[in-house]
Amino acid sequence: MVLNGSVSKWLHVLSGVPQGSILGPLLFIIFINDIDNDIVNKLLKFADDAKLVGIVSSPLEVKELQLDLQKIYCWSVDWQMLFNNDKLRHYILVIIMSTTSIL
């Protein structure tokens, strides 16, 4: 890197995306582009954030959601890009709709 005529020293980088570069965000997007291959539920990606969203109303859908989580985890291990456990969150929203009439 050159800043005001000063040149920084070379540093051997083992993995990751260059920080502070113009190409960094583009390289990151290309790098994670296949994270949702073979995922049944919806995977929302923005910058370095990902959210797996699924509607579960049967044991089969529970299994599909768990399988998706397993696939994403295996992807992260394969590419040496583990998730930050401190930032992991899960939310469960339950809505029960009645089919019987109130009248």
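Residues numbered from 1 in each chain as written. Predicted model: local features only at pLDDT ≥ 70, side-chain atom pairs only at ≥ 80, totals over all residues. Heavy atoms only, no water.

Engineer: Is there a simple way to explain the overall build of the chain in this structure?
Structural biologist: Each helix and strand in the chain was counted, giving 2 helices and 4 strands. Beginning at the N terminus, the succession of helices and strands in the chain can be written as β-β-α-β-β-α. Each of the 103 residues in the chain was classed as buried or not, and the buried ones make up 11%. Contacts in the chain between residues at least 24 apart in sequence constitute 33% of all its contacts with a sequence separation of at least 6. Only carbon and sulfur atoms are counted for the fraction: they give 63% of the accessible area of the chain, which is about 9,900 Å². (Helix = DSSP H or I, 4+ residues; strand = E, 2+ residues; numbered from the N terminus. Buried < 20%, exposed > 50% of the residue type's maximum accessible area, 1.4 Å probe, protein only. Contact = heavy atoms within 4.5 Å. Areas by Shrake-Rupley, 256 points an atom, 1.4 Å probe, with all protein chains shown as cover.)

Engineer: Where do I start with the nonpolar core in this structure?
Structural biologist: As a rule of thumb, soluble globular proteins bury nonpolar side chains together. Judged by nonpolar contacts, Phe-28, Ile-32, Ile-35, Ile-39, Leu-43, Ile-72 and Trp-75 together constitute the single largest core of 7 residues. Taken together, the elements giving at least two residues each to this core come down to α1 (24-32) and α2 (59-78). Non-local contacts of Ile-32, meaning those with residues more than four positions away in its chain, are made with Lys-45, Ala-47, Trp-75 and Met-81. (Core = buried A, V, L, I, M, F, W, Y, C linked by side-chain atoms within 4.5 Å.)

Engineer: In this structure, what is going on with the side chain of Asn-41? I would like to understand it.
Structural biologist: Residue placement: Asn-41 occurs in the loop between α1 and β3 (42-46). Residue Asn-41 is classed as buried on the basis of its relative accessible area of 16%. Sequence-distant contacts of Asn-41, defined by excluding residues within four places in its chain, comprise Leu-52, Val-53, Gly-54, Ile-55, Glu-64, Leu-65 and Asp-68.

Engineer: Even after reading the chapter, I still don't get α2, so can you show me in this structure?
Structural biologist: Quick reminder: α-helices carry 3.6 residues per turn. Residues three or four places apart thus point the same way. Its 20 residues place the ends of α2 28 Å apart at the C-alpha level, agreeing with the 28 Å of an ideal helix rising 1.5 Å per residue. Looking at α2, one finds that the buried residues are Asp-68, Ile-72, Trp-75 and Ser-76. Take α2 and look down its axis: the buried residues cluster within an arc of 100°, on one side only. Of the exposed residues in α2, those oriented more than 90 degrees away from the buried face are Pro-59, Leu-60, Lys-63 and Asp-78. (Expected span 1.5 Å × (residues − 1). Arc of directions from axis to C-beta.)

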